[in-house]
Amino acid sequence: MQDQLQSLSKKVKENQKAHRNFFIKLRKKTPKNLDAIMEKLHEEEFKKSDCLQCANCCKTTSPIFTKKDIERISKSFRIKTRQFIDTYLNLDEDQDYVLKSSPCTFLADDNTCNIYDVRPKACQEYPHTNRKSFEKISDLTLKNVAICPATFNIVEALRAKLK
Ligand code: SF4
Ligand code: SF4
């Protein structure tokens, strides 16, 4: 997996400009069936990608913790939300709650999530490649291709499909 992540970094650099241009065009001329295309590409990629062999998202970036996330996770820990915030979270420059430390405190040694059933919504939805109106999250996707090998592959598959 380490090799795969190193080669991801190289591939991302090589394709940075092409990806940026691709998303500019995608926003200007969005296929009517893009939601259906993304759902299929996402499904196909995650049949092949094993997140438990990777966990690069959990190791390198923090999800945003919404108020609802904080309430749900604190409740599962049977602690007050204030205690949860003070122990695990910081406010970032956008005033969103994010993890104090990276890799994620809740990531287990075998790459499973210790709070899987109550994990933040952002983790449930990551890497957002089956999201409706995918063209609207191009800035986020351009960041995610550098973190998530599956996202890189999905973007490449989309480029090939729309050629
Ligand atoms: S909460 Fe779980 S899924 Fe989310 S970043 Fe941490 S380990 Fe990963
Ligand atoms: S970075 Fe992508 S492939 Fe790796 S664990 Fe996260 S979602 Fe799965």
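Residues numbered from 1 in each chain as written. Chains lettered and ligands numbered in written order. Predicted model: local features only at pLDDT ≥ 70, side-chain atom pairs only at ≥ 80, totals over all residues.

1. So, unusual backbone geometry
Working step 1: Ser102 connects to Pro103 through a cis peptide bond whose omega is -5°.
Working step 2: Residue Pro127 follows Tyr126 across a cis peptide bond; omega there is 5°.
Working step 3: Among the structural elements, Pro127 can be located in the loop between α6 (121-125) and α7 (138-144).
Working step 4: Of note, the phi angle at Arg78 is positive, near 55°, even though the residue is not glycine.
Working step 5: Inspection of the secondary structure assignment puts Arg78 in the loop between α4 (67-77) and α5 (81-88).
Working step 6: Notably, Ser133 is not glycine yet its phi reads approximately 50°, a positive angle.
Working step 7: For Ser133, the position within the fold is in the loop between α6 and α7.
Working step 8: Residue classification places Ser133 among the exposed positions, given that 10 C-beta atoms sit within 10 Å. (Helix = DSSP H or I, 4+ residues; strand = E, 2+ residues; numbered from the N terminus. Buried ≥ 20, exposed ≤ 12 C-beta atoms within 10 Å, placed from the backbone.)

2. Focus: the site of ligand 2
Working step 1: Around ligand 2 sit Ser49, Cys51, Cys54, Ala55, Asn56, Cys57, Tyr126, Pro127, Ile147, Cys148, Pro149 and Ala150, and those are all the residues in its vicinity.
Working step 2: Those elements that provide at least two residues to the shell around ligand 2 are α3 (56-60) and α8 (149-162).
Working step 3: Counted by class, the shell around ligand 2 contains 10 nonpolar, 2 polar and no charged residues. (Near = placed C-beta within 6 Å. Nonpolar A, V, L, I, M, F, W, Y, C, P; charged D, E, K, R; others polar.)

3. A word on the packing of helix α1 (residues 2-28) against α8
Working step 1: Remark: α1 packs on α8, axes separated minimally by 10 Å, with the N-to-C direction vectors making an angle of 40°. By the angle between their axes, α1 is oblique relative to α8. Seen from above, α1 lies across α8 with left-handed handedness. Across from Gln4, Leu5, Leu8, Lys11, Val12, His19 and Phe22 in α1, the residues of α8 making contact are Pro149, Phe152, Val155 and Arg159.
Working step 2: Tallied by class, residues from the contact of α1 with α8 come to 7 nonpolar, 2 polar and 2 charged. (Axes fitted to C-alpha atoms, helices over the stretch in contact; angles between N-to-C directions. Parallel < 35°, antiparallel > 145°, perpendicular 65-115°, else oblique. Left-handed = near helix turned anticlockwise from the far one by under 90°. Contact = placed C-beta atoms within 7 Å.)

4. Looking at the site of ligand 1
Working step 1: In the vicinity of ligand 1, the contacting residues are Cys58, Pro63, Cys104, Phe106, Leu107, Cys113, Ile115, Arg119, Pro120 and Cys123.
Working step 2: Residues belonging to the shell around ligand 1 are distributed by class as follows: 9 nonpolar, no polar and 1 charged.

5. Regarding the packing of α4 against α5
Working step 1: Contact pair α4 / α5: the axes reach a minimum separation of 9 Å and the direction vectors enclose 100°. Taken together, the axis directions place α4 and α5 in an arrangement best described as roughly perpendicular. Between α4 and α5, the contacting residues are Ile70, Glu71, Ile73, Ser74 and Phe77 on the first element and Thr81, Phe84 and Ile85 on the second.
Working step 2: In terms of residue class, the contact of α4 with α5 is made up of 5 nonpolar, 2 polar and 1 charged.

None of this, on its own, says anything about what the molecule does.
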